[in-house]
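Architecture at a glance
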Amino acid sequence: MFFHVKELQYRAKPSKPDPVYAKKLQEVLGGQFGEISVMMQYLFQGWNCRGEQKYRDMLMDIGTEEIAHVEMLATMIAQLLDKAPVEEQEEAAKDPIVASVMGGMNVQHAIVNGLGASPNDAVGFPWTARYIISSGNLLADFRANLNAESQGRLQVVRLYEMTDDPGVRDMLSFLIARDSYHQNQWAAAIAELEEKEGLVVPSTFNREYEKSDVAYTFMSCSEGTESQMGRWANGPSMDGLGEFKYEAKPVATGQAPVLEPAPGYIHGTPPVK
């Protein structure tokens, strides 16, 4: 059961309208690494969690917080669209110099959304559930969460640099700080699980069934040898179970594929007679 508090988690009020920037903000609302994505990702991981209850509770805590971030961004976008009817943008865009700036307004903000936000990214692509990861393996999921928070913070920081509006920057500074914490949170949870399970996911697979002779080999499959200087090519493996080695000239050990002709009903290329 969810409850809604009318007050926002943090202030979301711009100093002035800016419909072009409203379009940019759509990316961190409805883009691949936007707040809708992490909200849905964490909630579904929580609802599906079969691990310790502390992980389920943590996922529900952060997933619910992300709902608040969606609300903050939607509110900010709506206010950036205040006093920004489409005809004014079209009139301004008649000047080719102004058009390069003002022509970036998302006209759907007015036509479809009534000067409001939408669950789309900055180029109008609709948010999709394919963005989210909820595998049932907490270590794999938490690594995906760390990546999502890293990409999300990167995008919000870039957006911070794209505006001088003190109200917008104030809200973004809050979101940036929360993303800093969430990266630390997922790193802590990952470290805790790795201590129990080891580094490689899944930890439950019988490694006797792996081709162990290639489990710690870096294969140089492109021109150049600079990659041999990396930590991944020398020394103990990160899981502590082997030694990294560098293979400068990997050799193909498989067969050359020759496929049988397709049956007649497929109507492929007929065999040579």
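Definitions and cut-offs
- The numbering scheme is per chain: residues are counted from 1 as the chain's sequence reads.
- Two thresholds apply to this predicted model, a pLDDT of at least 70 for residue-level local features and 80 or more for giving and counting side-chain atom pairs, whereas whole-chain, interface and lining totals are computed over all residues.
- Derived side-chain values reflect all non-hydrogen atoms in the structure, with water molecules and hydrogen atoms excluded from consideration.
- Helix and strand assignments come from DSSP, with helices taken as H or I runs of at least 4 residues and strands as E runs of at least 2, each series counted from the N terminus.
- Expected span of a helix, by definition, is 1.5 Å for each gap between consecutive residues, and there is one gap fewer than residues.
- Using a 1.4 Å probe on the protein chains alone, a residue whose accessible area is under 20% of its type maximum counts as buried, one over 50% counts as exposed, and one in between counts as partly exposed.
- To qualify as a nonpolar core, a set must consist of buried Ala, Val, Leu, Ile, Met, Phe, Trp, Tyr and Cys residues joined through side-chain atoms within 4.5 Å.
- For Phe, Tyr and Trp, where Trp contributes only its six-membered ring, two rings pair if their centres lie within 6.5 Å, and the inter-plane angle classes them as stacked under 30 degrees, edge-to-face over 60, or tilted in between.

1. A word on unusual backbone geometry
A cis amide bond links Val201 to the next residue, Pro202, at an omega of -10°. Note on placement: Pro202 falls in the loop between α8 (166-197) and β1 (217-219).

2. Quick look at helix α1 (residues 19-30)
In a regular helix each residue adds 1.5 Å, so 12 residues correspond to 16 Å; α1 covers 17 Å between its end C-alpha atoms and thus fits that length. For α1, the buried fraction is high: 9 of the 12 residues fall into the buried class.

3. Focus on the nonpolar core
Judged by nonpolar contacts, the single largest core of 29 residues is most densely connected at Leu25, Met171, Leu172 and Leu175. Of all the elements in the fold, those that place two or more residues in this core are α1, α2 (35-47), α3 (53-80), α7 (138-161) and α8. With 7 residues, α3 is the largest single contributor of residues to this core.

4. Quick notes on the packing of aromatic side chains
Considering all chains together, one arrives at 8 aromatic pairs under this definition. When the ring of Tyr10 is compared with that of Phe174, the centres are 4.6 Å apart and the planes differ by 5°; the resulting orientation is stacked. With Tyr10 in the segment before α1 and Phe174 in helix α8, the pair connects residues that are 164 residues apart, well separated along the chain. Accessibility expressed as a relative area gives 18% for Phe174, which makes it buried. Among the aromatic residues, those joined into a ring-pair cluster are Tyr42, Tyr55, Phe142 and Trp186.

Don't take any of this as a statement about function, it's just geometry.
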